[in-house]
Amino acid sequence: MTTLKRAVLAVVMLLPPVARCEDTAAQETAVPPVIIDYFYEAGCADCFRVRDQIMPRLKERFEGAFVINAYDVGIRANVVRLVAYQERLNIKANKPVCMVVDYRHVLNGFDAIQTGLLEQVDGCLSEREEAGWKAPKAIEVEAEAGVDLAEARMRQFTFWAVLSGGLIDGINPCAISTLVFFMSLLAVARVRGLGLLTMGVAFCLTSFAVYTALGFGLLRALHLFTGFPVIRFALDAVMMALLGAFAYLSFRDACRYRKTGNPGDVTLQLPGRVKTWIHDIMREGVGSRKSEVGGRRAEAGGGSGGGRAPQRGAGVMALAAGGLVVGTTVTALESVCTGQVYVPTLVLVAKEGGAASGRAWSYLLLYNAMFIVPLASVFTLTFFGLRTQTLLEWSKKNVVVSKVLLGIFF
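What you are looking at is a predicted structure, and each value in this text was computed from that prediction instead of being measured.

K.L.:
Requested: an account of the sheet that holds strand E1 (residues 34-40), with residues and values cited.
P.N.:
Spatially, E2-E1-E3-E4 is the arrangement adopted by the 4 strands of the open sheet, whose pairing is mixed. The sheet terminates laterally at strand E2 (66-72) and strand E4 (105-108), the two strands that pair on one side only. Sheet twist, expressed as the mean angle between neighbouring strand axes with direction ignored, is 15 degrees. Sheet analysis places strand E3 (residues 98-101) next to E4, joined by 4 bridges and oriented antiparallel. Paired with Met 99 across the bridge in E4 is Leu 107.

K.L.:
So, the packing of aromatic side chains: which residues are in play, and what are the values?
P.N.:
What the rule picks out here adds up to 6 aromatic pairs. Taken together through their ring pairs, the aromatic side chains of Phe 39, Tyr 71 and Tyr 85 make up a single cluster. Positioned over the ring face of Phe 110 is Arg 49, at 3.7 Å from the centre of the ring.

K.L.:
A description of unusual backbone geometry should follow, citing residues and the corresponding values.
P.N.:
In this model, Asn 90 sits at a positive phi of 60 degrees, which is unusual for a non-glycine residue. Its location among the elements puts Asn 90 in the loop between helix H3 (76-89) and E3. Its relative accessible area of 53% is what places Asn 90 among the exposed residues. Positive phi, normally seen in glycine, also occurs at Tyr 103, with a value near 60 degrees. In this fold, Tyr 103 is placed in the loop between E3 and E4. Its relative accessible area of 15% is what places Tyr 103 among the buried residues.

K.L.:
Hey, could you go over the packing of helix H11 (residues 358-371) against helix H12 (residues 373-383) for me, with residue numbers and the actual values?
P.N.:
Put simply, H11 and H12 touch, their axes get as near as 4 Å, and they point 30 degrees apart. It follows that H11 is roughly parallel to H12 by the angle criterion. In contact with Ala 369, Met 370 and Phe 371 of H11, H12 contributes Val 373, Pro 374 and Leu 375. Residue composition of the contact of H11 with H12, grouped by class: 6 nonpolar, no polar and no charged.

K.L.:
Can you tell me about the side chain of Ser 250, naming the residues and giving the values?
P.N.:
Assignment of secondary structure puts Ser 250 in helix H8 (residues 229-260). Other than its neighbours up to four places away in sequence, Ser 250 contacts Leu 268, Lys 403, Leu 406, Gly 407 and Phe 410.

K.L.:
Could you give an account of the nonpolar core, with specific residues and numbers?
P.N.:
Ranked by size, the top nonpolar core spans 47 residues in total, and within it Phe 182, Met 183, Leu 186, Met 282, Phe 379 and Phe 410 carry the most contacts. For this core, the leading source of residues is helix H10 (residues 308-353), giving 9 residues.

K.L.:
Tell me about the pattern of salt bridges, and please be specific about residues and values.
P.N.:
As enumerated under the stated definition, the model contains 6 salt bridges in all. With a shortest N-O distance of 3.2 Å, Asp 46 and Arg 49 are connected by a salt bridge. Here Arg 49 and Asp 46 lie together in helix H2 (residues 45-62), a separation of 3 residues that amounts to about one turn.

K.L.:
Residues and numbers for empty space enclosed by the protein, please.
P.N.:
Enumeration over the complete set of coordinates arrives at 1 cavity of 30 Å³ or more. Its volume calculated, the largest cavity comes out at about 40 Å³. As for the largest cavity, its lining consists of Ala 175, Thr 178, Leu 179, Phe 203, Ser 207, Val 330, Thr 331, Glu 334 and Leu 375. Elements with a contribution of two residues or more to the lining of the largest cavity: helix H6 (173-188), helix H7 (193-225) and H10. Among the residues forming the lining of the largest cavity, the class breakdown is 5 nonpolar, 3 polar and 1 charged.

K.L.:
Could you give an account of the packing of H2 against helix H4 (residues 110-128), naming the residues involved and the relevant values?
P.N.:
Two elements in contact, H2 and H4, have axes separated by 10 Å at closest approach and are oriented at 20 degrees. Comparing the axis directions of H2 and H4 gives the class roughly parallel. Crossing handedness for the pair H2 and H4: right-handed. Here Asp 46, Arg 49, Val 50, Gln 53, Ile 54, Arg 57, Leu 58, Arg 61 and Phe 62 of H2 come into contact with H4, specifically with Phe 110, Ile 113, Gln 114, Leu 117, Leu 118, Val 121, Asp 122 and Leu 125. Of the residues in the contact of H2 with H4, the class split is 10 nonpolar, 2 polar and 5 charged.

K.L.:
With reference to specific residues and values, describe a nonpolar patch on the surface.
P.N.:
The grouping of Leu 194, Leu 197, Val 201, Leu 205, Phe 383 and Phe 384 at the surface amounts to a nonpolar patch, some 600 Å² of accessible area in total. For the nonpolar patch, the element with the highest residue contribution is H7, accounting for 4 residues. Here Val 201 is to be found in helix H7. Owing to a relative accessible area of 43%, Val 201 belongs among the partly exposed residues under this scheme.

About the cut-offs
- Residues numbered from 1 in each chain as written.
- Predicted model: local features only at pLDDT ≥ 70, side-chain atom pairs only at ≥ 80, totals over all residues.
- Heavy atoms only, no water.
- Pairing = 2+ DSSP bridges.
- Helix = DSSP H or I, 4+ residues; strand = E, 2+ residues; numbered from the N terminus.
- Axes fitted to C-alpha atoms, helices over the stretch in contact; angles between N-to-C directions.
- Phe/Tyr/Trp six-rings, centres within 6.5 Å; stacked < 30°, edge-to-face > 60°.
- Lys NZ or Arg CZ within 6 Å of the ring centre and 35° of its normal.
- Buried < 20%, exposed > 50% of the residue type's maximum accessible area, 1.4 Å probe, protein only.
- Parallel < 35°, antiparallel > 145°, perpendicular 65-115°, else oblique.
- Contact = heavy atoms within 4.5 Å.
- Nonpolar A, V, L, I, M, F, W, Y, C, P; charged D, E, K, R; others polar.
- Core = buried A, V, L, I, M, F, W, Y, C linked by side-chain atoms within 4.5 Å.
- Salt bridge = Lys/Arg side-chain N within 4 Å of Asp/Glu carboxyl O.
- 1 Å grid on protein atoms, 1.4 Å probe; cavity = no way out; pocket = protein on both sides within 12 Å on 5 of 7 lines; lining within 4 Å.
- Points joined across faces, edges and corners; volume = space filled by probe spheres on them.
- Left-handed = near helix turned anticlockwise from the far one by under 90°.
- Patch = residues over 30% accessible without salt bridge, like charges linked within 9 Å, V, L, I, M, F, W, Y side chains within 5 Å.
- Areas by Shrake-Rupley, 256 points an atom, 1.4 Å probe, with all protein chains shown as cover.

Structure representation (structure tokens):
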């Protein structure tokens, strides 16, 4: 082999080790990329704005200096990860888009990303050039812990949904209009003072008991149904369709009533026949008990003076019995209308906690306690002098507001 060939061979043999050494040196001196965790919803407007407006500027300025981990929150595992990030970084508000830079710096929402992303990435790159810089530590996401956090968030949502649902149900035009009619009957019958208080307490307690019993039975049935995947899926689909229809009709009722003030233009209300039954029951309950009280007073007037206290007590008991009878039948009939809110809320409770848990029963009691708050408030105000005409005017103004609240709730 000639001297020239030997020299060329030696050079060729030396090339690979040199290249490898250069690659190793480059790797040792390269700046680690900035980590961007991006949580988004498929199809949301802000996500498109981030893609079209923010991403091109990010790539143009920092190409090769960052890595994006994209997480679609339509996927269960990514929801668990997002909840873990929110808990660790104290993120309170839910936005359609959220970015976390280097596992520490939160940019929640499009506005925050637009104004702060480039500056934050630049700051993180500058930190990497400082002596003693340490790589950011990733946020650990444990599947079970993440699910527990997500369920805790769901329980918070369910609590407020149940509380607001019960209160909105209590000011439902169906319930309020029935209550206004009942108070007008009591005013005509001149039931005042202790008699009014007694009948009001009996009516409210009976409404609470009857409505709770109805919810108890329905919750048990829903619990049995949710044990079958096919039935559960069908129930979800039916509830989605019904709630969509109820929301539309509620908003339409609000618009119609605001324009015309005609109760006949309201679609979601008690059927006429049911209204007639309720009114007849109330007339009979108030009238018969009032007559019974009057008869006992007459008997007391014809006898000795010592019999007045027992007769008065008997009259109060008669009014209490009237409140129990009216409260039971009216609440049962009224559920035809108020069930629009009650049933969806119970479905939510059944899906979240199961019908056999103590939490489910607590939700049930909370809902019904909030349901009778408006009833108890009206009886209390009437006891202290609220006129029926004032209540009637308030109920007319309440229709639009309550319908809008119902639509939002649905």
